[in-house]
2 protein chains.
Amino acid sequence: MADLYAWTDGACSGNPGPGGWGVLMRAMEGDTIVKERELKGGEAETTNNRMELLAAINALEALTRGTAITITTDSAYVKNGVTGWIHGWKRNGWKTSNKKPVKNVDLWQRLDEAQRRHKVTWEWIKGHAGHPENERADELARAGMEPFKPAKAK
Amino acid sequence: MADLYAWTDGACSGNPGPGGWGVLMRAMEGDTIVKERELKGGEAETTNNRMELLAAINALEALTRGTAITITTDSAYVKNGVTGWIHGWKRNGWKTSNKKPVKNVDLWQRLDEAQRRHKVTWEWIKGHAGHPENERADELARAGMEPFKPAKAK
RNA sequence: AGACACCAGUUACC
DNA sequence: GGTAACTGGTGTCT
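Cut-offs applied
- Residues numbered from 1 in each chain as written.
- Chains lettered and ligands numbered in written order.
- Predicted model: local features only at pLDDT ≥ 70, side-chain atom pairs only at ≥ 80, totals over all residues.
- Heavy atoms only, no water.
- UniProt positions renumbered as here; feature names shortened; annotations may be inferred.
- pLDDT = per-residue confidence, 0-100.
- Salt bridge = Lys/Arg side-chain N within 4 Å of Asp/Glu carboxyl O.
- Helix = DSSP H or I, 4+ residues; strand = E, 2+ residues; numbered from the N terminus.
- Buried < 20%, exposed > 50% of the residue type's maximum accessible area, 1.4 Å probe, protein only.
- Pairing = 2+ DSSP bridges.
- Axes fitted to C-alpha atoms, helices over the stretch in contact; angles between N-to-C directions.
- Contact = heavy atoms within 4.5 Å.
- Near = heavy atom within 4 Å.
- Polar contact = N/O pair within 3.5 Å; in protein donor to acceptor, adjacent residues only side chain to side chain.
- Nonpolar A, V, L, I, M, F, W, Y, C, P; charged D, E, K, R; others polar.

As named in an unreviewed UniProt entry, chain A is Ribonuclease H, taken from Thioclava marina. What UniProt records for chain A under Sequence similarities (unreviewed entry) is the sentence "Belongs to the RNase H family." Reading the Subcellular location (unreviewed entry) entry of the UniProt record for chain A gives the comment "Cytoplasm".

A word on the confidence of the model for chain A. With 98% of its residues at a pLDDT of 70 or more, chain A shows a mean pLDDT of 94. Both confidence scores are given for the complex: pTM 0.86, ipTM 0.84.

The next thing to look at is the pattern of salt bridges. The final tally for this structure, using the stated rule, is 20 salt bridges over all chains. A salt bridge links R136 of chain A to E38 of chain A, with the shortest nitrogen-to-oxygen separation between them at 2.8 Å. Of this pair, R136 of chain A sits in helix α4 (residues 132-145) while E38 of chain A sits in strand β3 (residues 32-46), and the two are 98 residues apart along the sequence. Given a relative accessible area of 36%, E38 of chain A falls into the partly exposed group. Between R50 of chain B and D106 of chain B there is a salt bridge; the shortest N-O distance is 2.8 Å. Here the residue R50 of chain B occupies a position in helix α1 (residues 48-61), and D106 of chain B occupies one in helix α3 (residues 105-116), the gap between them amounting to 56 residues. Three or more residues are tied together by salt bridges with common partners; here these are R26, E36 and E133 of chain A.

Residue and element names in this part refer to chain A. With mixed pairing, the five strands of this open sheet are ordered in space as β3-β2-β1-β4-β5. Both outer strands of the open sheet, β3 and β5 (119-124), are each paired with one neighbouring strand and no more. Direction aside, neighbouring strands of the sheet carry axes that sit 20 degrees apart on average. Of the strand pairs in this sheet, strand β1 (residues 3-12) and strand β2 (residues 17-29) are connected by 10 bridges, and their pairing is antiparallel. Of the residues in β2, the one forming a bridge with D3 is M28. In this fold helix α2 (residues 76-92) packs onto β4 (68-73) and β5, with an angle of close to 140 degrees to the strand it touches most, β5.

Around DNA strand D, the surrounding shell holds 29 residues, and the nearest of these are T47, S97 and K103 of chain A together with N15 and T47 of chain B. Protein-adjacent atoms of DNA strand D, using a 4 Å cutoff, are sugar or phosphate at a proportion of 89%. Within the contact set of DNA strand D, a base oxygen lies 2.7 Å away from a side-chain nitrogen or oxygen of N15 of chain B. The set of elements that each furnish at least two residues to the surface near DNA strand D consists of α1 (48-61) and α2 of chain A together with α1 and α2 (76-92) of chain B. Taken together, the residues of the surface near DNA strand D break down into 10 nonpolar, 15 polar and four charged.

What follows is about the sheet that holds strand β4 (residues 68-73) of chain B. All names here are of chain B. Spatially, five strands are ordered β3-β2-β1-β4-β5 in an open sheet, and the strand pairing comes out mixed. Each end of this open sheet is capped by a strand with a single partner; those strands are β3 (32-46) and β5 (119-124). Averaged over neighbouring strand pairs, the angle between their axes works out to 20 degrees when direction is ignored. Summarising the sheet, strand β2 (residues 17-29) and β3 pair through 12 bridges and their orientation is antiparallel. The residue bridging G19 from the neighbouring strand is E43, located in β3.

Below, the structure is given as structure tokens:
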């Protein structure tokens, strides 16, 4: 009867540039961590927002069966998008409020699909505010980015 | 035998609200800038489109004798107005296609008059797209607006 | 329905 | 200082 939590974060060196995403997942029984799992990945040429999105997507896609999970992100873009904006976008053919095409549609649709089977509670926290789990997700994102950074000159 | 160019821009804080206009003028001989001149101004209560219009008007009114000049704006309103819509408006008594009175008639007529003596080539560029001259005109517009902004609190 | 501009706000990434 | 993204709004025309 464990509760599932995920903290997600993205990092990007350049924006656009090499980027990475990281996820810290935990199964909790009360205050006890009964299971922990870490995911990370990266790309050579991407943006901060794509990495934030991909972190959340990977958290959800890592779930094997339909469950309840609380996902915590420091990205207002992801949190507001998935809990609010996306409903309007599906209605109006993925246009923003200024009639421009929504960016990163591929990932928003993948996130929407990944979310479908689960009962997700989305939370937002301020970044760099001393949340240990958010900081761990940040480390993972940076680690995920590492292989895609251009070889140091030196 | 220098070629004349002007870049114009407007800015407006509030719309309607305090606004400014800016003009960068250049006389070029080939790739060489042989002369440069900057104009700016503002008003306490105006609109973005009036400022865009006034920038173009001031560029033309600054010319002493009839000449050829290329004016570059990022405003589709000004560019399309002066090169297209205005002909219809003069014919039909300054009504829009919906029979409404054309807005800013005073400035459209002043622009038309200012243009009469010259051979103007109108160009349009996308704003905020990294055109240095457009960015300079933008700075001038903001500077022109400055004296008309309400005194800072604090 | 379309286009351009102007403004206000929010978060993140550098 | 910049980019990546979104929300809300007005000024104007076709």
